[in-house]
Structures are given as structure tokens and as C-alpha cells.
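The chain contents come next:
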Amino acid sequence: MTYAITQTCCNDATCVAVCPVNCIHPTPEERAFGSTEMLHIDPRACIDCGACADACPVDAIFPVDSLSAGQREYADINAAYYEGEERPSAGDEVDGPNFHVWGEPVFERSLPSDFGPLRVAVVGTGPAGMYAAQDLLLHTAAEVTLIDRLPVAGGLVRYGVAPDHPATKKVGDTFSRFHSHPRVRMHLGIEVGRDVTAEELSAHHDAVIYAVGASTDKRLGVPGEDGPGCVSATSFVAWYNAHPEAVAQGVDLSAERVVVVGNGNVALDVARILVADPDALAGTDIAAHALEALRASRVREVVVLGRRGPEDAAYTRSELLALKHLPGVELVVDDHDPRTGASIDAAAGADDRAGVLRGLPRVRTDAASPARGERRIVLRFHSEVVEIRGEGSGVRSVRVTDSGGAGAVDLGAGLLLRAIGYRGLPVPGLPFDEASGTVPHEGGRVAGLPGSYVVGWIKRGPSGGIGANRTCAAETVGTLLADAVAGTLPAPTGDAKAFRRLARRRNRRVVDARGLAAIDRAERDRGRLDGRPRVKLATVEELVATARSGRLLRLGR
């Protein structure tokens, strides 16, 4: 029996490090790493030891024999990755408990033995920031200050991962063990540029790593985009994930059809949430206000628009496969353009994005209203938005190109969600490239600002999933340590206590590790009452009050 990697693969390569027979590829040392949608286990070499499954932070690895009906395709996907390759079988190289020759050990994160501990601030507690903090804490004696503008940690894991992907959220458990690390100090609710400046951060630390992500969305640039009923997927995702800055009653789900513009994983996420069974979502950590709205929703059809063909879609095959197995939801392809069907028919198979669509019903979307019957998701390729036409407080119709772009048709819809990509925002005190929405850098080192570094989407742009941040963080931390050894880091003028006093003087509502633990306990307790993993506190006021009450209780006040 062999193992297979499934849908929730995060690509952080933890499994690669523990495999004794080198049967998981691509590895971080291989050129293809980072360019594949997921990692793959070679069924010819796997020895069924289960080490990879034990190490996987997102529960993505299972024995092939135990795969559910919706996951069985992943056995073929893993095997197909190795077709045509002449790879040695386990045991062909050397005898002994380890079946492949390991390379010489490399200690890229080591510092000279007489080197004092660095004091490093990490701004942002999402995956990028926490991978950087993890690297520093595990491989050096650094003291880490974790800073986030929100009064709770988690970033993308807490507020970006869809609630019906609980396995993916488990990577947060890996990060949370560092929140109470003895060499970590936490200051949540502090915003750079509002409460402290970049210069003040640098004055109290040897180095500062900015992991602030890409918090806004790209725009369509068409008439009617600024009208009511046209919402960014960024806002919608924040709404159903209980982000404190999301408006609790801000999404109107009274229309039967919703148009989602975009062909990435976020587009599929929002489409899936819109038509999913609310009773199934009730067992997740979805925001209470979102669950209530979805129970009352009239949405029956979501049309997902892609500017290009199915072979060029930006979503991963694993996310598309999940849509095919969504209970009570029909997945269909709009064949308004002959190129769509031709691409699907010519696809190589399930290892091709277009090939995944083979066998799905092909329909022509009714321009006026959705078809009667079960809820459905319509994938419409080779189609662009020309205009959004509003009526009253919402959208009336979305005008889109039709049949090779030669004409246009109005799709009746009451809501449009744009999911065409994220974009970073300037960080006060740091240089910014308006064209790319990133901070200019060299290997993570901020251009012109010694001691300042970037990691994650603000460094490389909005590309790559959670696991991509691990290698990204490794590069940035490597650059930082090289600068430390070279003596190019500016010497701080203040210490950790001075920064703590500064932070609390500027913002009396700062949340520390004890406060964060109190928030976590409160949310889990609320969840147990409703049979859910947690019920999130949805406002800054609730989060801060819970953190403070829990902290005072621990202090005996």
C-alpha cells in the first residue's frame, strides 16, 4: 500500500524532509519546485512508512487504500507525475534503513558561536511572517517581536482560507506553537504608520521583516464597477471569515444568479461558498453573520467568468476536482464559444486543467435568469466583462463578450464579485513599486534600507499558496543572517522593554500572547456550545475586550 498527496497540499515540503526513500517530488532543490500545483509521491518507491503523513501540517497525505470516493483521483494524479521517468526503486542505491544517499548536511541558518542573539521584529503574523519567525527561532538564538495591525494573529490562515477547508487551516496550529515561545514577544493591534513608524521599529531591533501581504484587490476598469452590488472577492472572503474590518451585513444575496469574475482558486472558493449547503457550513468556523445570510440566500447559480480558455485557467486542478464532488451542486461548462469544447476534447486527461472538465455537461447560459433545478456553478471561458448595469441598490445585469468576442450578451445577475487578483499596498517608510505592488528588494533585503527585509506577497507579488512562503522566508532569513555576519545591520538604540513601553503608550489596546490565548479559548468555548470548531469574535472591540478580560483573570485581578 502506498500513500498519495491530496487536495489540501500546501507545498511547504515538510514531508520531503522526513521521507527516508526520497519518493516525494519536486523537492526544494529541484527546478520544478514552486511551479507545480502540489507535491507528488512516487508509488513505485513509497515504502508505506507513513512518515510523510505524520509530518504533513495540513493532513493532505493518506494511504491510497483509504482514499474517499472524492479523493481517489489523487492516486492517479500522483502516479501520473512520474510516468515516463526512469527513477530508481527504493533499495536500488544502498542497503540499510535509509534507502537513498543523503547529501552533505548544510547549515545555512547557523551563526558564529560567539555571535550574540539578534532582536528581530516580524510585521505580520500570517504564513509568510510565521515561516520567517519559525526559521529564526529554530535555527538561531534570535529574539522575535511579532507585530500585527489586527488584535489577533493568523493573517491569511485565519481570514483567507475558506471555512470548508479545515485541513488547510491546520497549518495555523504549527504556527501557534511559536506564539508562546520564550523568545517571542507579541504586540497585536499595532499598525506601522499609525502607532509606530518604520524608523522606530528599526531603532529598537537589529532587523525588521515586513510580511504584510497584499491586502487589496485589482479592478476590472469597466463602467459600473463602482456601483452597488459590485463587490471585491477580498471583501467577500473577509465577510464570511469574520474579519474585524468586514461589514457584517454588507452582502446582498437576494438574487438568484451571481457572477464571479476570475479563474483562480479564490474565484472557486467564493463560488463554492455561495452555493454550498448551509447545514454543512454550520460545522465550520464560518462567521455567524455569514452563515445566517447564506441560510436566507436565494442564490441558485454562480457563473464564473474566465477571460482565457480552460487550458489557461489559474485555479489548481485540486480545487476544480473538489467542485465536481460538491453535494447538491451541479458543475457545468458554458459552450457559448467553440474554443472551449475544442480545448476540453483535445486535453491529455486529468493531468491537464482542461481535461478535468471532460464529461461535464455543456450548456448555454440563459441570459435572462438561471436554469431551474438544483444549484449549479457555470464555468464560462473566453468571456470578459464589458459593463456592469445597476438598478436601485444592486446589479441588474452584467454585459459580457460572447462567441469569440464578436458580440456581447447581458447576463441577468444581482451581484458581481471580482476575483482577478490581489495587490499590495505601500508600507509607510518603505519604498514601493506601484507597477508591481511590491517593495523593491534584493533577496528580501529592502532596497536602500539596511536592516529592513520583506517576505511573502509584499516581496514577490500575490503568487503561490501557503507553502510557497516557506522557501520565500528561507531566502529572506538567509539574507538577513548574511548581513548580520557581515556587520552591515544598523545597531539599535532601544531595547525590548523600551519598545514595549512605546507600543503601549501609543496604543492602550495592545494584545499580547496571554490575550491571544484568551481569545482562542473564548472562540473554542463558543464553538463547543454550537457544535463547531470555533465561533470567531468578529469585531475589534470583542477581540480586545476578550483578550483583556482573559489576561486580568490570569493575573488574578
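Up top is the structure.
To start, this report covers the structure provided alongside it. Predicted model, so just to flag it, every value in this text is computed and none were measured.

## Examining the nonpolar core
The tendency in soluble globular proteins is for nonpolar side chains to be buried as a group. Residues Ile24 and Tyr240 are the most contacted members of the largest nonpolar core, which totals 120 residues. Among all residues touching Ile24, those that are not within four sequence positions of it are Ile5, Cys15, Val16, Cys19, Leu39, His40, Ile41, Cys52 and Tyr82.

## Quick notes on the environment of Ala79
Within the element layout of this structure, Ala79 appears in helix H3 (residues 73–80). The class of Ala79 is partly exposed, set by a relative accessible area of 25%. In sequence terms Ala79 and Leu481 are 402 residues apart; their C-alpha atoms lie 40 Å from each other.

## What to know about the packing of aromatic side chains
Taken as a whole and judged by the stated rule, the model has five aromatic pairs. On the basis of an interplanar angle of 85° and a centroid distance of 5.1 Å, the ring pair of Tyr81 and Tyr82 is categorised as edge-to-face. Residue Tyr81 is classed as partly exposed on the basis of its relative accessible area, which comes to 25%. By relative accessible area, Tyr82 is classed as buried at 2%. Here the aromatic residues Phe236, Trp239 and Tyr240 are joined through ring pairs into a cluster of three or more.

## Quick word on helix H14 (residues 338–346)
Buried within H14 are the following residues: Thr340, Gly341, Ser343 and Ile344. With its buried residues spanning 160° around the axis, H14 presents them on a single face. With respect to the buried face of H14, the exposed residues turned more than 90 degrees away are Pro338, Asp345 and Ala346. Elements in contact with the buried residues of H14: strand S13 (329–334), helix H15 (353–356) and strand S14 (362–363). If you check the start of H14, you find a side-chain oxygen 2.9 Å away from the backbone N of Arg339, and it comes from Asp337.

## Thoughts on unusual backbone geometry
Negative phi characterises most residues that are not glycine, and trans characterises most peptide bonds. Here the bond from His25 into Pro26 is cis, since omega is -5°, no more than 30 degrees from zero. Mapped onto the fold, Pro26 is located in the loop between strand S2 (24–25) and strand S3 (40–41). Its identity is not glycine, yet Asn11 carries a phi of approximately 70°, on the positive side. Considering the arrangement of structural elements, one finds Asn11 in the loop between strand S1 (3–5) and helix H1 (14–18).

## Some words on the side chain of Asp269
By the element assignment, Asp269 lies in helix H10 (residues 265–275). Here Asp269 falls in the buried class, since its relative accessible area comes to 10%. If sequence neighbours within four positions are ignored, Asp269 has contacts with Ala162, His165, Tyr240 and Glu319.

## As for a positive patch on the surface
Together, Lys497, Arg501, Arg505 and Arg508 line one region of the surface with positive charge. Structurally, Lys497 can be placed in helix H18 (residues 496–506).

## Some thoughts on the sheet that holds strand S10 (residues 230–232)
One open sheet holds the seven strands; their spatial order is S10-S19-S11-S12-S15-S13-S14, and the pairing between them is parallel. Every other strand in the sheet has two partners, leaving S10 and S14 as the edge strands with one partner each. Relative to strand S19 (residues 415–418), strand S11 (residues 257–261) is paired through four bridges, and the arrangement is parallel. Bridging across to S19, Val258 finds its partner in Leu415.

Analysis parameters
- Starting from 1, residues in each chain are numbered consecutively following that chain's sequence as written.
- Only residues with pLDDT of 70 or above have their local features reported here, since the model is predicted, and side-chain atom pairs are shown and tallied only from 80 upward, although totals for entire chains, interfaces and linings are computed over all residues.
- The basis for every side-chain value is the complete set of heavy atoms in the structure, and neither hydrogens nor water enter the calculation.
- Only buried residues count toward a nonpolar core. Its members are Ala, Val, Leu, Ile, Met, Phe, Trp, Tyr and Cys residues joined through side-chain atoms within 4.5 Å.
- Partly exposed describes any residue whose relative accessible area lies between the buried limit of under 20% and the exposed limit of over 50%, with all areas from a 1.4 Å probe on protein chains only and scaled to the type maximum.
- By definition, residues are in contact when any of their heavy atoms lie within 4.5 Å.
- Only DSSP runs of H or I reaching four residues or more are called helices, and only runs of E reaching two or more are called strands; each is numbered from the N terminus.
- Stacked, tilted and edge-to-face are the three classes applied to pairs of Phe, Tyr and Trp rings, where Trp contributes its six-membered ring and a pair requires centres within 6.5 Å; stacked means planes under 30 degrees apart, edge-to-face means over 60, and tilted covers the rest.
- Taken from the helix axis, the directions to the C-beta atoms give the arc we talk about.
- Contacts described as polar in this section are N or O atom pairs within 3.5 Å, which, within protein, must combine one atom able to donate a hydrogen with one able to accept it, while residues neighboring in sequence count only if both atoms come from side chains.
- Without a salt bridge and with relative accessible area above 30%, a residue can belong to a patch; like charges are then joined within 9 Å and nonpolar side chains (Val, Leu, Ile, Met, Phe, Trp, Tyr) within 5 Å.
- Residue burial considers only the protein chains on display, and all accessible areas are found by Shrake-Rupley using a 1.4 Å probe.
- Every case where a carboxyl oxygen of Asp or Glu lies within 4 Å of a side-chain nitrogen of Lys or Arg is listed as a salt bridge.
- His is not counted here, nor are the chain ends, while Lys and Arg score as positive and Asp and Glu score as negative.
- Where a charge lies is defined by one atom per residue type: Lys uses NZ, Arg uses CZ, Asp uses CG and Glu uses CD.
- Here a strand pair is declared whenever DSSP counts at least two bridges between the two strands.

Limitation: the analysis is restricted to geometry and does not speak to function.
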